[in-house]
Amino acid sequence: MTTTGLGGAALGAFRARFGEALSTADAALDAHGRDESGLEVVRPGAVLFARTEADVVDALALAREFRVPVVPFAAGSGLEGQLIPPPGALSLNLSGMTRVLEVRPGAFQATVEPGVTYPQLNRAVRAQGLFFPVDPGAEATLGGMASTNASGTAAVRYGTTRENVLALRVALMDGRVLSLGSRARKSSAGYDLRHLFLGAEGTLGVITELTVRLWPLPSARLALRCAFPDVPSAAWAATAVMGVAAQPERLELMDARGLRAVNRHLGLTEPEVPTLWIELAGASAGALEDVRALCEELCRDAGALNVRVARQPEDLEALWRARHHAFYALKALYPGEAFLSTDLCVPLDALPEILTFTEDGLRAEGLDASVLGHVGDGNFHVLFHAPRGSGDWARIEALYARLVERTLALGGTCSGEHGVGLHKRRFLRAQHGDTVELMREVKTMLDPLNLLNPGKVLPDPA
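As the structure is a computational prediction, the values presented were derived from the model and not from experiment.

An account of the overall build of the protein chain is requested, with residue identities and associated values reported.
The number of helices and strands found in the protein chain is 16 helices and 19 strands. On C-alpha atoms alone, the protein chain measures out to a radius of gyration of 22 Å, which is about the 23 Å that the 2.2 N^0.38 rule sets for 462 residues. Out of the 462 residues belonging to the protein chain, those deemed buried represent 53%. If you sum the accessible surface of the protein chain, you get close to 18,700 Å²; carbon and sulfur atoms cover 52% of it. Each charge class in the protein chain was averaged separately, 45 positive and 53 negative side chains, and the resulting centres sit 4 Å apart.

Laid out in C-alpha cells, this is it:
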C-alpha cells in the first residue's frame, strides 16, 4: 500500500485537530529522527505531542485517512532503530502522557499512562514499600519498555517487562481501543492477546495505558564484587551461582574495557578486570550471610581473584549507577566513533561457550570491543566501536553475524531485550523460519495499510 506522508491536506488536517501540539520545528524534527542506535537520522514530517488517549485515537484516524505512517515515540532511548521514521511520517510522541492513574498497594499493582518512566513510578510507590523492578538503565518510559519487552539488571529475579504487565489498553489503526489482560495475577480465559502487543515495537497498535505488577522493597541487600582473570571464568561462576538457587536480585558481568571506561567516566577506581556483580536480598542481614558465603565460595572456586562485599545503601547505589552508565561511558571513551551493540541471549548452560567464542572471535579479528551483560539470564552484549567508514566495520558485521549464528545454534535468540527494530530484521527469519510469514499475516490483519511503524521488526518478503 502506498503511503503519502505528511504534507498538504494531511498537514492541514492534523493542524486543525491538534494546533500547537503538532510541531514541524527543526529542533523537534531532528530530535525525533534518531534514537541511541547510531543509525542514520531520518526526520519525520511532523511531531505530534499527544496528551490523552483521545489524541492517539484521533491521530491514527487522520493517519488512516491520509495514508500517513505513524511511529510511536517517547524517551528516544531505543537501541535498534525502532524510532527511526520513514520520510514524511508522523512521530507520535507519548512522553507527555505521564499520569500515574492508580496505585493499589494491597493488590501490588499500579495503572499508568505510557509516558510514565520507571523511576517516576518508583518514586510514586516507594512510600508504600513497593517498587517496579524492570530497570533497563535509561530513563525509559513504561510504554516504550512494553513495546520492546525491555529487560535490565533485575530481570534475573523479577522477569522482563512482559512478566510484569498485567493489563493494557491499545489503540488500533482501525479506530478500536482494546482492553487486554486483567488485574488478576493469573488467567486461563481465552487467547492471550495482551502478549501479542508486548514486544511488537508499535507495529500492531499504540499502547495508551498499562497496569503493572509491583513488588515489596527488600528489607536487606548486599552485593559481591568478584574480580576474575578472564570473561569465561566469570561466566562459569555465574552459572554456578544460578545452579544453587541463590536467587540473586542481580547478576551482572562487565569486562576490563568496560570497567576502564566507567572509571574514567565516573571518576571511580574499580579494578580494571572482568568483574561479576551479584546482588542478594532477604528479610534480614543475618539471613543473607549463608547465601553470601556460598556465592563467594562458588566464585573463588571458579577462579575469582578477589571478592569484595558492599552492604551500605550508598555503596549499592554507586555500584549499580556504574553498571547503568557502562554504555554511555564506553561511548564517551571513543568520541566521534560509531558503535554497534549486540543483544544476544542463550540458555544459561551455553553462556561460557558463547562468551569464549566471542572472546576468540574478537582476538582473531583484532577488534577492540567490550563484553557485558545480564549473565544470570544468559543475556550478554558486545559493544563494538570503530571510526565511521573504516575498514573495521566489515569485520565487525561479519563477526556479529557469526555470533548470531552460533547463538541460534545453541538455542538462543538474536535479541534478549533490545528488540528488533531496523538492525536485527535480517536475523529474524534465521531464528523463526516460516513463522515469520504468520507474523506478517498478523501485522496485515491489524494494520492492513502498513502505517504503524512500517519497516520494523519483520524482514522484507523472501
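Mind laying out the packing of helix 13 (residues 351–365) against helix 14 (residues 392–409), listing which residues take part and the relevant values?
Two elements in contact, helix 13 and helix 14, have axes whose closest approach is 11 Å; the angle formed by their N-to-C orientations is 160°. The pairing of helix 13 with helix 14 is recorded here as roughly antiparallel in orientation. Relative to helix 14, the crossing made by helix 13 is right-handed. Contacts between helix 13 and helix 14 involve E353, I354, F357, T358, G361, L362 and E365 from the former and R395, L399, R402, L403, R406 and T407 from the latter. Of the residues belonging to the contact of helix 13 with helix 14, the class tally is five nonpolar, three polar and five charged.

Go over the state of the cysteines with me, naming the residues and quoting the values.
The final tally for this structure, using the stated rule, is zero disulfides. Between C299, a free cysteine, and C226, which holds the nearest cysteine sulfur, the sulfur-to-sulfur gap is 3.6 Å. For C299, a relative accessible area of 0% puts it in the buried group. C414 takes part in no disulfide bond, and the closest cysteine sulfur to it belongs to C345, at a distance of 11 Å. By relative accessible area, which is 2% here, C414 ends up buried.

Give a description of the pairing of strand 2 (residues 46–49) that names residues and reports values.
The pairing of strand 1 (residues 22–23) with strand 2 spans two bridges and is antiparallel. Its bridge partner lying in strand 2, S23 is registered against V47. In this sheet, strand 4 (residues 90–93) lies alongside strand 2 in parallel orientation, the contact comprising four bridges. The partner of L48 across the bridge, within strand 4, is L92.

Tell me about the environment of N122, and name the residues and values.
Of note, N122 is situated in helix 4 (residues 118–125). Through-space distance from the C-alpha of N122 to that of L214 is 9.2 Å; in sequence the pair is 92 residues apart. With residues up to four places along the chain from it excluded, the contact list for N122 reads F131 and F132. A polar atom in the side chain of N122 sits 2.6 Å from the backbone nitrogen of F132.

Quick one: what's the story with the side chain of T111, residue by residue and with numbers?
Position of T111 among the secondary structure elements: in strand 6 (residues 109–112). Ignoring anything within four residues of it in the chain, the contact list for T111 reads V100, L101, E102, R183, E209, L210 and T211.

Which residues make up the environment of W320, and what values go with them?
Along the chain, the position of W320 falls in helix 11 (residues 313–324). Between the C-alpha atoms of W320 and V273, which are 47 residues apart in sequence, the distance is 17 Å. Filtering out sequence-adjacent residues up to four positions away, W320 remains in contact with R250, E252, W277 and E279. A distance of 2.4 Å separates a polar atom in the side chain of W320 from a polar atom in the side chain of E279.

Can you lay out the side chain of E296 for me, pointing to particular residues and giving the numbers?
Looking at the element boundaries, E296 is found in helix 10 (residues 285–301). Reaching out from E296, the side chain makes a polar contact with the side chain of R292 at a distance of 2.6 Å. Not counting residues within four places of it along the chain, the set of residues in contact with E296 comprises L224 and V307.

Cut-off values and rules
- Residues numbered from 1 in each chain as written.
- Predicted model: local features only at pLDDT ≥ 70, side-chain atom pairs only at ≥ 80, totals over all residues.
- Heavy atoms only, no water.
- Helix = DSSP H or I, 4+ residues; strand = E, 2+ residues; numbered from the N terminus.
- Rg over C-alpha atoms; globule rule 2.2 N^0.38 Å.
- Buried < 20%, exposed > 50% of the residue type's maximum accessible area, 1.4 Å probe, protein only.
- Areas by Shrake-Rupley, 256 points an atom, 1.4 Å probe, with all protein chains shown as cover.
- Lys, Arg positive; Asp, Glu negative; His and termini not counted.
- Charge placed at Lys NZ, Arg CZ, Asp CG, Glu CD.
- Axes fitted to C-alpha atoms, helices over the stretch in contact; angles between N-to-C directions.
- Parallel < 35°, antiparallel > 145°, perpendicular 65-115°, else oblique.
- Left-handed = near helix turned anticlockwise from the far one by under 90°.
- Contact = heavy atoms within 4.5 Å.
- Nonpolar A, V, L, I, M, F, W, Y, C, P; charged D, E, K, R; others polar.
- Disulfide = S-S within 2.5 Å.
- Pairing = 2+ DSSP bridges.
- Polar contact = N/O pair within 3.5 Å; in protein donor to acceptor, adjacent residues only side chain to side chain.

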